[in-house]
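# A structural walkthrough
Here are the chains, one letter per residue:
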Amino acid sequence: MKVLLTGASGFLGRYVLQALHRQNVPVLELGRRHSGQDLGTEFIYADLQEASDLGALLKDSGATHLLHLAWCTEHGKFWTAPANLAWVNITLQLLEAFCAQGGKHVTVGGTCAEYDWSYGYCDEDKTPLIPATLYGVCKDATRRIIMARCEYYQIPCAWGRVFLPYGHGENSQRLIPALIDIFQGKRAAFGVNSNVYRDFLHASDVADGFITLLKHHAYGAFNISSAEPVQIRDLVIKIAGSLNADPQRVLGLPAQRQGEPHLLLGDNSKLMALGWQHKISILQDLKLLPAKA
């Protein structure tokens, strides 16, 4: 196995790269930036948004497995960014180039935003796919297209729907690092919908999920989730307690966002059937939250 990895310099990509390295899996990074990790990986420079001949870039690469994580991810903007539309086509071009040079298996990063969140509990085979954002629509459209193309090439394709990843290196504006900053006095407090339940999964467990899909030559859609509902109130209290701070600094404020689902949880039984299981529980392993300054 030799993995062609896109998005290696991103939040999840760095964890995936480290996990592959620990398992002695050769990796070829493809993108505008090297991950910056001294892990002995090969690197091919390519601006995927402008590359005109990916086939030539991948020729003789020897890559047998594609793990495509690159996408537009700018915090707060990716939900509606027009760049989502471009990434549908970019992903298809990458897939065609990979398959044409003899690739054996494809795994692509999807999102829980493909589901109809009003259902709360998300099952790959039962929950309707009715995305509420352009991001979710484009991800779902990409899945449908590449599944059809992989079927044409007779190459198995796994689609990993990631729920709410967290861990060291995530954007400082995301919920967990933002709460840490609040309780460290580094930013102004804001309100949260404290009564809702969410499915958080540490980025290292997400990485292991993707690698499980690779190694098993998995086919179809898989939730990469904890399947453990965590109430935001409990998360705030735990983080505040770990920093000897008063959780009412956040819980005492009105929620800023309206219309959010009460529950967002992924059934992970399909992934667990392949032998994967998550190792980190967010409420029990606070030491693994983003590092304190």
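Presented here is a report on the structure given in the accompanying data block. Values in this document were obtained by computation on a predicted structure and should not be read as measured data. (Residues numbered from 1 in each chain as written. Predicted model: local features only at pLDDT ≥ 70, side-chain atom pairs only at ≥ 80, totals over all residues. Heavy atoms only, no water.)

## Concerning the overall build of the protein chain
The number of helices and strands found in the protein chain is nine helices and 13 strands. Projecting the C-alpha coordinates of the protein chain onto the three principal axes gives extents of approximately 60 × 40 × 35 Å. Per-residue burial for the protein chain yields a buried fraction of 54% across its 293 residues. Within the protein chain, contacts between residues separated by at least 24 positions form 76% of all contacts whose residues are at least 6 apart in sequence. Side chains of the protein chain carry 27 positive and 27 negative charges; the gap between the two charge centres is 3 Å. (Helix = DSSP H or I, 4+ residues; strand = E, 2+ residues; numbered from the N terminus. Buried < 20%, exposed > 50% of the residue type's maximum accessible area, 1.4 Å probe, protein only. Contact = heavy atoms within 4.5 Å. Lys, Arg positive; Asp, Glu negative; His and termini not counted. Charge placed at Lys NZ, Arg CZ, Asp CG, Glu CD.)

## Describing the sheet that holds strand 11 (residues 220-224)
Within a sheet, adjacent strands bond to each other through the backbone by hydrogen bonds, running parallel or antiparallel. Sheet architecture is open: seven strands sit in the order 3-2-1-4-5-7-11, paired in parallel fashion. Pairing within the sheet leaves two strands with one partner each, and these edge strands are strand 3 (42-45) and strand 11. The sheet shows a mean angle of 20° between the axes of neighbouring strands, direction not considered. Those strands touched by helix 4 (residues 134-153) are strand 5 (105-111), strand 7 (157-162) and strand 11, and its axis lies near 165° from that of strand 7. Along the sheet, helix 6 (residues 203-215) makes contact with strand 1 (3-6), strand 4 (65-68), strand 5, strand 7 and strand 11, crossing strand 5 at roughly 145°. (Pairing = 2+ DSSP bridges. Axes fitted to C-alpha atoms, helices over the stretch in contact; angles between N-to-C directions.)

## Remarks on the packing of helix 1 (residues 11-22) against helix 6
Between helix 1 and helix 6, whose axes approach to 8 Å, the crossing angle comes to 60°. As summarised for this structure, helix 1 and helix 6 are arranged oblique, according to the angle between their axes. Where helix 1 crosses over helix 6, the two elements pack in a sense that is right-handed. Across from Phe11, Leu12, Tyr15, Val16, Ala19 and Leu20 in helix 1, the residues of helix 6 making contact are Ala203, Ser204, Val206, Ala207, Asp208, Phe210, Ile211 and Leu214. Of the residues that constitute the contact of helix 1 with helix 6, the class distribution is 12 nonpolar, one polar and one charged. (Parallel < 35°, antiparallel > 145°, perpendicular 65-115°, else oblique. Left-handed = near helix turned anticlockwise from the far one by under 90°. Nonpolar A, V, L, I, M, F, W, Y, C, P; charged D, E, K, R; others polar.)

## Re helix 5 (residues 175-183)
Residues lying three or four places apart along an α-helix face the same way, a consequence of the helix completing one turn every 3.6 residues. By the criterion of burial, helix 5 is predominantly enclosed, with seven of the nine residues buried. Taken together, the buried positions of helix 5 are occupied by Ile176, Pro177, Ala178, Leu179, Ile180, Ile182 and Phe183. Next to the buried residues of helix 5 lie strand 8 (164-166), strand 10 (200-202), helix 7 (232-242) and helix 8 (248-251). Gly185 sits one or two residues past helix 5 and shows a positive phi near 75°.

## Details of the pairing of strand 5
The buried count for strand 5 comes to seven of seven residues, which makes it a mostly enclosed element. Residues of strand 5 alternate between two faces, with His105, Thr107, Gly109 and Thr111 on one and Val106, Val108 and Gly110 on the opposite face, all of them buried. Summarising the sheet, strand 4 and strand 5 pair through four bridges and their orientation is parallel. Its bridge partner being in strand 5, Leu67 is matched across the sheet by Thr107.

## A look at the packing of aromatic side chains
Under the criterion given, the structure shown has eight aromatic pairs. Ring centres of Trp79 and Tyr135 lie 5.6 Å apart, and the angle between their planes is 90°; on these two criteria the pair is classed as edge-to-face. Note that Trp79 is positioned in the loop between strand 4 and helix 3 (83-100) and Tyr135 in helix 4, a separation of 56 residues in sequence. On the accessibility criterion, Trp79 (30% relative accessible area) is partly exposed. What makes Tyr135 buried here is its relative accessible area of 12%. The structure contains a cluster of three or more aromatic residues connected by ring pairs, namely Phe78, Trp79, Trp117 and Tyr135. Looking at Lys139, its charged tip hangs above the ring of Trp71, at a distance of 4.1 Å from the centre. Sitting above the plane of the Phe222 ring, Lys270 keeps its charged end 4.8 Å from the centroid. (Phe/Tyr/Trp six-rings, centres within 6.5 Å; stacked < 30°, edge-to-face > 60°. Lys NZ or Arg CZ within 6 Å of the ring centre and 35° of its normal.)

## Here's the deal with the environment of His105
Mapped onto the elements of the fold, His105 is located in strand 5. By relative accessible area, His105 is classed as buried at 0%. Measuring from C-alpha to C-alpha, the distance between His105 and Cys150 comes to 8.8 Å, with 45 residues separating the pair along the chain. With residues near it in sequence (within four places) discarded, His105 still touches Thr64, His65, Leu66, Phe98, Ile155, Pro156, Ala158, Leu213, Leu214, His217 and Ala218. Among the polar contacts made by the side chain of His105, one reaches the side chain of Thr107 at a distance of 3.4 Å. (Polar contact = N/O pair within 3.5 Å; in protein donor to acceptor, adjacent residues only side chain to side chain.)

## Comments concerning the pattern of salt bridges
As enumerated under the stated definition, the model contains 11 salt bridges in all. Note that Glu42 and Lys2 form a salt bridge whose closest N and O atoms lie 2.7 Å from each other. On the criterion of sequence distance, the pair formed by Glu42 in strand 3 and Lys2 in the segment before strand 1 is long-range, its members being 40 residues apart. Salt bridges sharing common partners tie together Glu114, Asp140, Arg143, Arg144 and Arg161. (Salt bridge = Lys/Arg side-chain N within 4 Å of Asp/Glu carboxyl O.)

This is a description of form; function is not addressed.
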